[in-house]
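Report on the structure
This is what each chain is made of:
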Amino acid sequence: MKHRYLPMTEQDKKEMLEVIGVTSVDDLFSDIPENVRFQGEYDIKPAKSEPALMKELSKLASKNADLKNYASFLGAGVYDHYSPVIVDHVLSRSEFYTAYTPYQPEISQGELQAIFEYQTMICELTGMEVANSSMYDGGTALAEAAMLAAGQTRRKKILLSSTVHPESREVVKTYAKGQRVEVIEIPHKDGVTDIAALKDLASDDIAGVIVQYPNFFGGIEPLKEMEAIIHNEKSMFIVSSNPLALGALTPPGKLGADIVTGDAQPFGIPAAFGGPHCGYFAVTKKLLRKVPGRLVGQTVDEDGKRGFVLTLQAREQHIRRDKATSNICSNQALNALAASVAMTALGKKGVREMAVQNIQKAHYAKKTLQAQGIEVVFEGPSFNEFVIKLPLPYKDINKRLFEKEMIGGFDLGSVYPELKNHMLVAVTELRTKEEIDAFAQELGDQL
């Protein structure tokens, strides 16, 4: 019989206790004083048989609203995208999902090659020269970039656009506090970073400037214009970017970015209640030895055969703590693999087509909402998200949408007080014309 787990029989228990040298499980706790032991009964349900338990859990799960049965217009950093079926097939192979750290390259070539290919594809998307093997998520990758800039320039101030994801901004500030780095926010204007404010704040004591592309409102920041201002002060230009958007937009590396980070979630990684996901981290070649985490390199063995190894690991696990570039001790290898498989299955043309569909469908949603009398707040180009002004309080609108099996957008008033009763709407390639029309109709009916 095949089991999802190995059940322990009474004979197994008896043999283990004999090996340990005790007569019962209770003997294992004999060193704990009686007066501190819990003597009562736990307030939990009686055990059920496996079929009965599965039935109960399935019934509970069916009460959840999921992305398979509801049309989602919620984005704000985590998106409902198409994932090729081959992604789950590859991830389900035991040699990948049971793999730990590939310290021994002679037995980890498959894992190392997969990571190397992930790094290569991230470089191609971002227009950068070097990418690491992944980070925990987009927020921590961005914070690591800020700290790299502070260390590289030996300056203690970071400019951070207010159009960067609010959660990422908080992570940057948390990292900065420990490193005694001051974080100064640049205000936004008309849905993008205020360029006049950036010019006023830019100075020769700024380590780096962080912007998001597309930004949290979905708007496309003028990176070329920003680059000239930032590099004029010899500060570092850090861009947080949705990698799918780079299938259609000019890569930040082509526009002068020094560091590009983001989250690979749009490629084959499910929303999963917000994680785990997979951060990416890409830099110019001059920053190669400052990259946090791991790098997989390609080499040849003594017979001239191609092989892969971990290289240039300036982590505290390998060198003195005070010399380490970062204390990040791991990466998201399995999710990086998911992103690699998804990008490979889609191919260059597929990634571009998917990105273009996001732009076109979001544009159609804007026009349809405006035809219903809904105000689209910010003008200018956007990717797959945009901001609308709601006719009623956000909670009321979303409740009505939910009753029609639609998940509404993000409540911007919860993080931008000046945008109370404004919704951030996400429209991906999975949203159909019928779903977009129904969404616009429902909002229009609230006027």
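Data block above holds the structure.
The structure presented is a predicted model; accordingly, all values stated were derived computationally and were not measured. (Residues numbered from 1 in each chain as written. Predicted model: local features only at pLDDT ≥ 70, side-chain atom pairs only at ≥ 80, totals over all residues. Heavy atoms only, no water.)

Within the protein, the regular secondary structure consists of 12 helices and 17 strands. Here the C-alpha coordinates of the protein stretch approximately 75 × 60 × 50 Å along the principal axes. For the protein, the residues scored as buried account for 47% of the 447 residues in total. If you sum the accessible surface of the protein, you get close to 24,100 Å²; carbon and sulfur atoms cover 53% of it. With 50 positive and 58 negative side-chain charges, the protein shows a separation of 3 Å between the mean positions of the two kinds. (Helix = DSSP H or I, 4+ residues; strand = E, 2+ residues; numbered from the N terminus. Buried < 20%, exposed > 50% of the residue type's maximum accessible area, 1.4 Å probe, protein only. Areas by Shrake-Rupley, 256 points an atom, 1.4 Å probe, with all protein chains shown as cover. Lys, Arg positive; Asp, Glu negative; His and termini not counted. Charge placed at Lys NZ, Arg CZ, Asp CG, Glu CD.)

We now examine the side chain of Ser161. Inspection of the secondary structure assignment puts Ser161 in strand S3 (residues 157-161). A distance of 2.7 Å separates the side chain of Ser161 from the side chain of Thr193, its partner in a polar contact. Excluding residues that lie within four positions of it along the chain, Ser161 makes contacts with Arg169, Ile186, Thr193, Ile210, Val211 and Glu221. (Polar contact = N/O pair within 3.5 Å; in protein donor to acceptor, adjacent residues only side chain to side chain. Contact = heavy atoms within 4.5 Å.)

Turning our eyes to something else, we now look at helix H6 (residues 138-153). Taking 1.5 Å of rise per residue, the 16 residues of H6 would be expected to cover 22 Å, and the 23 Å separating its terminal C-alpha atoms lies within 8% of that figure. The buried fraction of H6 is high, at 13 of 16 residues. The N-terminus of H6 is capped by Asp137, whose side-chain oxygen sits 3.2 Å from the backbone nitrogen of Gly139. Arg154 occupies a position one or two residues after H6 and carries a positive phi of about 60°. (Expected span 1.5 Å × (residues − 1).)

Under the defined criterion, the tally for this structure stands at nine aromatic pairs. Here Phe116 and Phe308 contribute two aromatic rings whose centre-to-centre distance is 5.1 Å and whose plane-to-plane angle is 50°, an arrangement assigned as tilted. Linking Phe116 in helix H5 (residues 109-126) with Phe308 in strand S12 (residues 306-311), this pair joins segments that are 192 residues apart in sequence. For the pair Phe116 and Phe308, one class covers both residues: buried. Seen from their ring centres, Phe216 and Phe410 are 5.7 Å apart, and the 85° between their planes marks the pair as edge-to-face. With Phe216 in the loop between strand S7 (208-213) and helix H9 (223-232) and Phe410 in strand S16 (residues 410-411), the pair connects residues that are 194 residues apart, well separated along the chain. Phe216 gets classed as buried once you look at its relative accessible area, which sits at 2%. (Phe/Tyr/Trp six-rings, centres within 6.5 Å; stacked < 30°, edge-to-face > 60°.)

The next thing to look at is the packing of H5 against helix H10 (residues 333-371). Running from N to C, H5 and H10 cross one another at 50°; their axes reach a closest spacing of 9 Å. The angle between H5 and H10 falls in the class oblique. Note on packing geometry: the crossing formed by H5 with H10 is left-handed. Between H5, through Glu111, Ala114, Ile115, Glu117, Tyr118, Met121, Ile122, Glu124 and Leu125, and H10, the contact on the second element is made entirely by Ala333, Ala336, Leu337, Ala339, Ser340, Met343, Thr344, Lys348 and Val351. Taken together, the residues of the contact of H5 with H10 break down into 12 nonpolar, two polar and four charged. (Axes fitted to C-alpha atoms, helices over the stretch in contact; angles between N-to-C directions. Parallel < 35°, antiparallel > 145°, perpendicular 65-115°, else oblique. Left-handed = near helix turned anticlockwise from the far one by under 90°. Nonpolar A, V, L, I, M, F, W, Y, C, P; charged D, E, K, R; others polar.)

Across the sheet, seven strands lie side by side as S2-S10-S9-S8-S7-S3-S4; this open sheet has mixed pairing. Looking at which strands have only one partner, the edges of the open sheet turn out to be strand S2 (130-131) and strand S4 (182-186). As paired strands, strand S8 (residues 236-241) and strand S9 (residues 259-263) are joined by three bridges and run parallel to one another. The residue of S9 that forms the bridge with Val239 is Val260. (Pairing = 2+ DSSP bridges.)

It is worth spelling out unusual backbone geometry at this point. Cis geometry is found at the peptide bond from Tyr213 to Pro214, where omega equals -5°. By the element assignment, Pro214 lies in the loop between S7 and H9. Omega for the peptide link from Gly275 to Pro276 comes to 5°, which places this bond in the cis form. Locating Pro276 in the fold gives a position in the loop between S9 and strand S10 (279-283). Positive phi, normally seen in glycine, also occurs at Arg154, with a value near 60°. Within the secondary structure layout, Arg154 lies in the loop between H6 and S3. For Phe273, which is not a glycine, the phi torsion comes out positive at approximately 55°.

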